[in-house]
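Residues per chain, in single letters:
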Amino acid sequence: MKRSKLALYLIPPLFLALVAVGALFWQWQSAGRRGLPEVSVTLEDSALLQHGGSWEVPLLGGLLTRRLEGDYPALGLTIPVDGAQPSLAVSPKDASLTRVLLTEQGGGAVLYDGDAAGFSAFSFAEDGDYYLEVWAALDRGGQGAGEFYFDAALEVALPRPDPSFTLSASDLLQGDLIAVTAENLPDGVVPTGQSELGYVRFSPTGEAGCYVALVPVGYARAAAQYTIEVTAGGETVSLPVTVSENAFEVQQMTISEEVADQTVNSQAANWEFHITVVPLYDTANDELYTGSAFLQPVEGRISTPYGVLRYVNGSTVPERHGGIDIAAALGTPVLCPADGVVEYAGYLQLSGNTIVLEHGGGLKSYFYHMDSLDVSTGDRVAQGDKLGEVGTTGYSAGPHLHYEVKIGRERVSPWPLFDGSSSIFAAAG
Ligand SMILES: [Zn+2]
């Protein structure tokens, strides 16, 4: 065969090869020019950040593929979410979501890992910081197919239900204590309250938008209807309560004139008490006692009950006894009834060795006539701690502990606190 004839046979395949190389080059170039198709994912109306993507374009009818990788900036994005069930959407229409992964921010628990249909039924249970990752796929046959990756941090603040105001009880006895709870208040709104019953001061419970106030029903409050008015965010609600009579005993008491003269009848003793203890009536801190029943600080015979009408040394005008007197031997330990802060510990002519203990929200325990004190003003004490010992200092006729519970200037019965039956223990906080 002549060389020229051989060359003639080679022309068609060479030509085809040339065409194929040309087509490949052209297809390769145009795939690169077109780049990755645009795919976007939105949560509600906010676009997630695209953080990855690859696109494979078939060349020469699928004999070869060109793989393109997206180049994405390492940005971070936080999307505020205020609905429990935010909806995810992908565009264009022929793209689909293949996987949704939701975790707690900072590598926390996985809350959802699945497909987009399942995610549409997911709802956030609580406010917080979350991390959302989404994968999407797009298949355009001969034009290519690929996968795309998106993410965003989510700051979830769920809509709060309407504010609500509730009482722990509305049928009360003289001497009771009630909790008023305000819930679901908008951020920054602190409720205020007022009542003929006395002190209404709200403390935050620690839960968002939630406050509680303890309101006293003093022993001398007439049996009648009362209201507690709560104002929050420009709105005032009126909460009615009914106070019924409590049965209080009548007692005769004798105390030596000498003791009386040094204490209740002494102007100096009264003045000292007035400038030391009385200013504490209206103080409060926000560290609410959240435990259950109070511990009775001393066990013993109740020599003078709460609320008693007491005629001293034959007087015709009774005085009221706002606490309980627990008779016990000199030196009996006095235990802390509930966690709190010692607002005052010291000796006063009228009340002897005295402790005033704040349990939060203005709820206070007062201890009088003690023999010795184991705590100092400013101490933090826990339920069961020894505060000192039973004595007979100040206006006292014999060894006993005078214990009383006050909110503001009103004295309430300690018994529902001791036996846990007080409705305040069932209230929020
Ligand atoms: Zn007493």
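Position numbers for residues count from 1 along each chain, tracking the sequence in the order it is written. With pLDDT at 70 or above as the cut-off, local features in this predicted model cover only qualifying residues; side-chain atom pairs require 80 or more to be listed or tallied, and sums for whole chains, interfaces and linings still use all residues. Calculation of side-chain values draws on the structure's entire complement of heavy atoms; hydrogens and water are dropped beforehand.

Visitor: Tell me about the coordination of the zinc ion, and name the residues and values.
Guide: Metal coordination here is assigned from N, O and S atoms located within 2.8 Å of the ion, or within 3.2 Å for Na, K and Ca; omission of water means that sites may look incomplete. Bound to the zinc ion are the protein donor atoms His321 (NE2), Asp325 (OD), Asp325 (OD) and His402 (ND1), situated 2.0 to 2.8 Å from the metal. The coordination sphere of the zinc ion comprises 4 donor atoms, whose angles at the metal cover 52 to 151 degrees; the geometry is irregular. Of note, the donors binding the zinc ion are all from one chain and are spaced H-x3-D-x76-H. Residue histidine 321 is found in the loop between strand 22 (319-320) and strand 23 (324-327), and its partner histidine 402 is found in strand 31 (residues 400-407); the two are separated by 81 residues along the sequence. For four-coordinate sites, all angles between 85 and 135 degrees define a tetrahedron; for four- and six-coordinate sites, opposite donors beyond 155 degrees with the remaining angles between 65 and 115 define square planar and octahedral shapes respectively, and all other cases count as irregular. Secondary structure elements follow DSSP: runs of H or I of four or more residues count as helices, runs of E of two or more count as strands, with numbering from the N terminus.

Visitor: Pulling in residues and values, what's your account of the sheet that holds strand 1 (residues 40-43)?
Guide: The strand order across the open sheet formed by 3 strands is 2-1-6, and the pairing between neighbours is antiparallel. Every interior strand has two partners, whereas the edge strands, strand 2 (46-47) and strand 6 (88-91), have only one. DSSP calls a pair of strands paired once it identifies at least 2 bridges connecting them. One ladder, built from 2 bridges, connects strand 1 with strand 2; its direction is antiparallel. Each residue of the ladder has a partner; that of leucine 43, found in strand 2, is serine 46.

Visitor: Help me get a handle on the layout of surface pockets, residues and values and all.
Guide: Vacant regions in the atomic arrangement are exposed by a probe of water-molecule size rolled over the atoms. Space inside the largest pocket adds up to approximately 620 Å³. Mapped onto the lining of the largest pocket, the elements with two or more residues apiece are helix 4 (267-276), strand 20 (301-304), strand 22, strand 23, strand 27 (363-370) and strand 31. When its residues are assigned to classes, the lining of the largest pocket shows 10 nonpolar, 12 polar and 7 charged. The pocket and cavity definitions rest on a 1 Å grid over protein atoms only: a 1.4 Å probe that fits but cannot leave marks a cavity, an open set with protein on both sides within 12 Å along at least five of seven lines marks a pocket, and residues lining either have an atom within 4 Å of a point. Grid points are joined across faces, edges and corners, and a volume is the space filled by probe spheres set on the points. Any residue that is not Ala, Val, Leu, Ile, Met, Phe, Trp, Tyr, Cys, Pro, Asp, Glu, Lys or Arg is counted as polar, Gly included; the first ten are nonpolar and the last four charged.

Visitor: Could you give me a rundown of the nonpolar core, with the residues and numbers involved?
Guide: In this text, buried Ala, Val, Leu, Ile, Met, Phe, Trp, Tyr and Cys residues form a nonpolar core when linked through side-chain atoms within 4.5 Å. For every residue, the accessible area obtained with a 1.4 Å probe (protein chains only) is divided by the maximum for its type, and the residue is called buried under 20%, exposed over 50%, and partly exposed between those limits. With 36 residues, the main nonpolar core has Phe367 and Leu387 as its most contacted residues. Of all the secondary structure elements, the ones that give two or more residues to this core are strand 13 (177-183), strand 16 (211-216), strand 23, strand 25 (340-348), strand 26 (352-358), strand 27, strand 31 and helix 5 (415-418). At 4 residues, the largest contribution of residues to this core is made by strand 31. All domain edges in this entry derive from an automatic or database-based domain assignment. If you count residues domain by domain, this core takes at least three from each of domain 2 (164-244) and domain 3 (250-412). Those residues within four positions of phenylalanine 367 in sequence are excluded, and the remaining contacts are Pro297, Val334, Leu335, Pro337, Asn353, Thr354, Ile355, Leu357, Leu387, Leu401, His402 and Tyr403. Judged by nonpolar contacts, the second largest core, of 31 residues, contains Ala95, Leu97, Ala136 and Phe150. Here, two residues are considered to be in contact whenever any of their heavy atoms come within 4.5 Å of each other.

Visitor: Describe the packing of aromatic side chains, with residues and values.
Guide: Working definition: a ring pair exists when centres of Phe, Tyr or Trp rings (six-membered ring for Trp) sit within 6.5 Å. Plane angles under 30 degrees give stacked, over 60 give edge-to-face, the rest tilted. For the structure on display, the rule yields 16 aromatic pairs. Where tyrosine 281 meets tyrosine 366, the ring centres are 5.9 Å apart and the plane angle is 75 degrees; that geometry is what we call edge-to-face. Placement of tyrosine 281 in the loop between helix 4 and strand 20 and of tyrosine 366 in strand 27 is noted, with a sequence separation of 85 residues between them. Across the pair, tyrosine 366 and tyrosine 281 agree in class, each one buried. Taking the centre distance of 5.3 Å and the plane angle of 80 degrees together, the rings of tryptophan 415 and phenylalanine 418 count as edge-to-face. Linking tryptophan 415 with phenylalanine 418, this pair stays in helix 5, spanning 3 residues, or about one helical turn. Its relative accessible area of 33% is what places tryptophan 415 among the partly exposed residues. Aromatic rings pair up to connect Tyr112, Phe119, Phe122, Phe124 and Tyr130 into one cluster. The ring of tryptophan 135 is capped by arginine 99, whose NZ or CZ atom sits 4.6 Å from the centre of that ring. Think of it as a cone above the ring: NZ of Lys or CZ of Arg counts as a charge over the ring if it is within 6 Å of the ring centre and within 35 degrees of the ring normal. Sitting over the face of the ring of phenylalanine 248, arginine 320 holds its NZ or CZ atom 5.0 Å from the ring centroid.

Visitor: Could you give an account of the sheet that holds strand 16, naming the residues involved and the relevant values?
Guide: Read from one edge of the open sheet, 4 strands run 11-13-16-15, paired in antiparallel fashion. Two strands bound the open sheet, and with one partner strand each, they are strand 11 (164-167) and strand 15 (202-204). Averaged over neighbouring strand pairs, the angle between their axes works out to 25 degrees when direction is ignored. With 3 bridges joining them, strand 15 and strand 16 adopt antiparallel strand pairing. Each residue of the ladder has a partner; that of phenylalanine 202, found in strand 16, is alanine 213. Every axis corresponds to a line fitted to the C-alpha atoms, with the helix fit spanning only the stretch in contact, and the corresponding angles, defined between N-to-C directions, vary from 0 to 180 degrees.

Visitor: Explain the domain arrangement of the protein to me, and be specific about the residues and the numbers.
Guide: Taken domain by domain, the protein comprises domain 1 (36-156), domain 2 (164-244) and domain 3 (250-412). Each of domain 1 and domain 2 has a C-alpha centre, and these two points are 49 Å apart.

Visitor: Describe the pattern of salt bridges, listing the residues and the values that go with them.
Guide: Every case where a carboxyl oxygen of Asp or Glu lies within 4 Å of a side-chain nitrogen of Lys or Arg is listed as a salt bridge. Counted according to the given criterion, the structure contains 15 salt bridges. Among the ionic pairs, aspartate 113 bridges to arginine 99, the shortest N-O distance being 2.9 Å. Within this pair, whereas aspartate 113 is found in strand 8 (residues 110-114), its partner arginine 99 is found in strand 7 (residues 95-104), the two being separated by 14 residues in sequence. What makes aspartate 113 partly exposed here is its relative accessible area of 45%. Since its relative accessible area comes to 31%, arginine 99 is described here as partly exposed. The closest approach of N and O atoms between arginine 201 and aspartate 286, which form a salt bridge, is 3.0 Å. Placement of arginine 201 in the loop between strand 14 (192-195) and strand 15 and of aspartate 286 in the loop between helix 4 and strand 20 is noted, with a sequence separation of 85 residues between them. Relative accessible area serves as the criterion here: at 26%, arginine 201 is assigned to the partly exposed category. Each of Glu56, Arg67 and Glu69 takes part in a single network of salt bridges with overlapping partners.

Visitor: Which residues make up the side chain of arginine 66, and what are the values?
Guide: Its place among the elements puts arginine 66 in strand 4 (residues 64-69). Despite being buried, arginine 66 has no salt bridge partner; glutamate 69 is the closest side chain of opposite charge, sitting 11 Å away. Two N or O atoms count as a polar contact when they lie within 3.5 Å, although within protein this holds only if one can serve as hydrogen donor and the other as acceptor, and sequence-adjacent residues are included solely when both atoms are side-chain atoms. Of note is the side chain of arginine 66, whose polar atom sits 2.9 Å from the backbone oxygen of tryptophan 28. In contact with arginine 66, other than residues within four places in its own chain, are Trp28, Ala31, Gly32, Trp55, Glu56, Val57 and Leu59. Positive: Lys, Arg. Negative: Asp, Glu. His and the chain ends are not part of the count.

Visitor: Account for the environment of valine 217, naming residues and giving values.
Guide: Tracing the backbone through its elements, the reader meets valine 217 in the loop between strand 16 and strand 17 (224-232). Given the relative accessible area of 0%, valine 217 is considered buried. Along the sequence, valine 217 and glycine 198 sit 19 residues apart, while their C-alpha atoms lie 7.9 Å from each other. Excluding anything up to four places from it in sequence, valine 217 contacts Leu172, Leu173, Gln174, Gly175, Asp176, Ile178, Leu197, Val243, Tyr306, Arg411 and Val412.

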